[in-house]
Amino acid sequence: MASRLMWASRAAFHLRISVFNRGFATVLKDLKYSDSHEWAKVEGGSVTVGITDHAQDHLGDVVYVELPEVGSSVTQGSSFGAVESVKATSDLNSPVSGKIVEVNEELSSSPGLVNSSPFENGWIIKVELSDSGEVGKLMDSERYSKFCEEEDAAH
């Protein structure tokens, strides 16, 4: 196990991927995080949204992702869909407000991408940001890691 982690760390370093390790879950430094375990990758006025490695790990194998319609509006903290796993069903909450400009249709036939690639192929929606100030309300990687540790300790 340790040799696998060392290999992954070396590979991440050589690929110039910024990774912050927290226990067994991965937290990427250049993303923002909500307290409901969604991540947000901000690129100008566009935000890509998915669920965190921590969330997918707690959910178990994802078997279905309820996707919203392109063109619909989302509000920060409000539900826009759901993820169903072998353990539970969990609402998806938007970390930002705006208009959905794209959904990951690949998840309809391959919901397991949320587990195998939560930060890349398992993204869920892309949002045209309506209020850039909301991004400042989200946690950075360090705060999110501490939040997860505290949450796990409480359960």
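Computed from a predicted structure; not experimentally measured. (Residues numbered from 1 in each chain as written. Predicted model: local features only at pLDDT ≥ 70, side-chain atom pairs only at ≥ 80, totals over all residues. Heavy atoms only, no water.)

S.K.: Would you mind going over the sheet that holds strand 7 (residues 73-74) in detail, with residue names and values included?
M.R.: With antiparallel pairing, the six strands of this open sheet are ordered in space as 3-4-5-11-10-7. Each edge of the sheet is formed by a strand with only one pairing partner; in this case those strands are strand 3 (32-33) and strand 7. Sheet topology note: the strand 10 (residues 98-103)/strand 11 (residues 125-129) ladder contains five bridges and is antiparallel. Paired with glutamate 102 across the bridge in strand 11 is lysine 126. (Pairing = 2+ DSSP bridges. Helix = DSSP H or I, 4+ residues; strand = E, 2+ residues; numbered from the N terminus.)

S.K.: Please provide a residue-by-residue account of the side chain of serine 34, values included.
M.R.: Of note, serine 34 is situated in the loop between strand 3 and strand 4 (38-43). On the basis of relative accessibility, which here comes to 7%, the residue serine 34 falls in the buried class. Sequence-distant contacts of serine 34, that is, excluding residues within four places in its chain, are made with Pro95, Leu138, Met139 and Tyr144. (Buried < 20%, exposed > 50% of the residue type's maximum accessible area, 1.4 Å probe, protein only. Contact = heavy atoms within 4.5 Å.)

S.K.: Lay out the UniProt feature "modified residue: N6-lipoyllysine" (unreviewed entry) in the protein chain in plain terms, naming residues and giving numbers.
M.R.: The UniProt record annotates "modified residue: N6-lipoyllysine" (unreviewed entry) at Lys87. Mapping lysine 87 onto the fold places it in the loop between strand 8 (79-85) and strand 9 (89-93). Dropping the residues within four chain positions of it, lysine 87 is found in contact with Asp57, His58, Leu59 and Gly60. (UniProt positions renumbered as here; feature names shortened; annotations may be inferred.)

S.K.: Describe the pairing of strand 4, with residues and values.
M.R.: Where strand 3 meets strand 4, two bridges bridge the pair, whose relative direction is antiparallel. What sits directly across from tyrosine 33, in strand 4, is tryptophan 39. Hairpin remark: strand 3 followed by strand 4, antiparallel, with four residues in the connecting loop; positive phi at histidine 37, about 75 degrees. Here strand 4 pairs with strand 5 (residues 46-51) via six bridges, running antiparallel. Within strand 5, the position partnered with alanine 40 by the bridge is valine 49. Linking two consecutive strands that pair antiparallel, namely strand 4 and strand 5, is a turn of two residues; a positive phi of about 65 degrees is found at glycine 44 within it.

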